[in-house]
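Each chain is listed here by its residues.
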Amino acid sequence: MNYNNILTEKVDGIFTITINRPDKLNALNYETIQEIGMAVRFANDDDDVRGILLTGSGEKAFAAGADISEFAAFSRDEAEKLSRDGNRVFTSIEHSKKPVVAAINGFALGGGCELAMSCQIRVASETARFGQPEVNLGLTPGYAGTQRLVQLVGKGKALEFLMTADMIPAAEAHRLGLVNHVVPQAELIAKAKEILTKIGTKAPLAIAAVIRCVNSHFAFDEDGFETEIREFAGCFQSEDFKEGTQAFLEKRKANFKGA
Ligand code: COA
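Fair warning: this is a prediction, and the values are worked out from it, not measured in the lab.

Caption draft 1: Seen up close, the pattern of salt bridges. A full pass over the atoms with the stated rule returns 15 salt bridges. The salt bridge partner of Arg84 is Glu80, with a shortest N-O separation of 2.8 Å. Remark: Glu80 and Arg84 occur in helix 3 (residues 76-94); sequence separation between them is four residues, near one turn of the helix. Assessed through its relative accessible area of 49%, Arg84 is described here as partly exposed. Arg252 is paired through a salt bridge with Glu243; the nearest N and O atoms lie 2.8 Å apart.

In structure tokens, the structure reads:
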């Protein structure tokens, strides 16, 4: 697949997507977001892929937000389409059946912070900085920042973060629960790969089911407890469940096939 704004590579079952607009601090224009969506879909359909790593090129930015130059003259209808189509992609990442780990290598502002929040796990470099500066532009976030931030850090901290537009360092983001790990920049990709490699040794159908169960907690039309009961029971039909239990009883390492 040829893309204009992202780079992709597949190594040892890890599919890496790199946002590649470093001269614009990897700002997310419409096409970039759609390409990320396509790449995530492609990775989900590839049986050789166990996990997805999402990062930005260069050492300065993961993504410094939506591309302000693109939407500066938008009408209300154009803005709604931008937000709706972007939301669709971010939600598809949140519901990816394979884990997506964001390796945040610098600024994660506005849409960049929202993109990171749509991933299942976030690893930040010590130099990363986070913010939702939309109110500085006379805007609210448009890619579900108001929703996912509340889920990750709670209502009080989310409101302060969203209304002050403060830019916070990685250590503070870690303290708030916005990121899972903070590591030196040089170790960022290795740490993200380490997490994906570990998850990659588990049963893929069970991993997909865990993602569905956790997302179900936040779906207003679903009962997460019921989802978990259904997913738990569903696992019993899988070959991997037989392999996992058999391997335990035979005191050996399980060899999961994703079936
Ligand atoms: N949209 C479009 N272009 C952006 C951008 C964005 N969100 N963020 C950075 N850029 C561009 C700059 O316009 C500049 O382009 P130019 O060289 O053609 O002028 C280039 O990226 C480098 O950015 P610059 O501002 O010169 O870097 P800096 O180190 O001085 O400042 C930031 C870094 C992140 C503080 C600053 O770029 C910034 O505030 N960006 C906007 C953040 C934002 O509001 N995001 C939310 C959008 S809804």
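Picking up after the structure, the text goes on.
Caption draft 2: Structural detail: the domain arrangement of the chain. Taken domain by domain, the chain holds domain 1 (6-200) and domain 2 (204-249). Between domain 1 and domain 2, the C-alpha centre-to-centre distance is 26 Å. Taken together, the contacts link ten residues of domain 1 with six residues of domain 2. Both faces considered, domain 1 and domain 2 share a buried interface measuring about 640 Å² in area, 68% of it formed by carbon and sulfur atoms.

Caption draft 3: Representation of the site of the ligand in the model. Inspection of the region around the ligand gives 15 residues, with Lys24, Lys60, Ala64, Ala66 and Ile68 positioned closest. A distance of 2.6 Å separates an oxygen atom of the ligand from a polar side-chain atom of Lys60. Isolated, the ligand exposes 860 Å² of accessible area, and the fraction of that covered by the protein chains is 58%. Among the residues making up the shell around the ligand, the classes are represented as nine nonpolar, one polar and five charged.

Caption draft 4: Main features of the environment of Ala124. Looking at the secondary structure, you find Ala124 in strand 7 (residues 121-125). Exposure remark for Ala124: the relative accessible area of 0% places this residue in the buried category. The spacing of Ala124 and Pro184 is 60 residues in sequence and 8.4 Å in space, taken between C-alpha atoms. Setting aside chain neighbours within four positions, we find Ala124 in contact with Ile104, Phe130, Ala170, Val179, His181, Val182, Val183 and Leu188.

Rules used in this analysis
Residues numbered from 1 in each chain as written. Predicted model: local features only at pLDDT ≥ 70, side-chain atom pairs only at ≥ 80, totals over all residues. Heavy atoms only, no water. Salt bridge = Lys/Arg side-chain N within 4 Å of Asp/Glu carboxyl O. Helix = DSSP H or I, 4+ residues; strand = E, 2+ residues; numbered from the N terminus. Buried < 20%, exposed > 50% of the residue type's maximum accessible area, 1.4 Å probe, protein only. Domains from an automatic or database assignment. Contact = heavy atoms within 4.5 Å. Buried area = accessible area lost by both parts, 1.4 Å probe. Near = heavy atom within 4 Å. Polar contact = N/O pair within 3.5 Å; in protein donor to acceptor, adjacent residues only side chain to side chain. Areas by Shrake-Rupley, 256 points an atom, 1.4 Å probe, with all protein chains shown as cover. Nonpolar A, V, L, I, M, F, W, Y, C, P; charged D, E, K, R; others polar.

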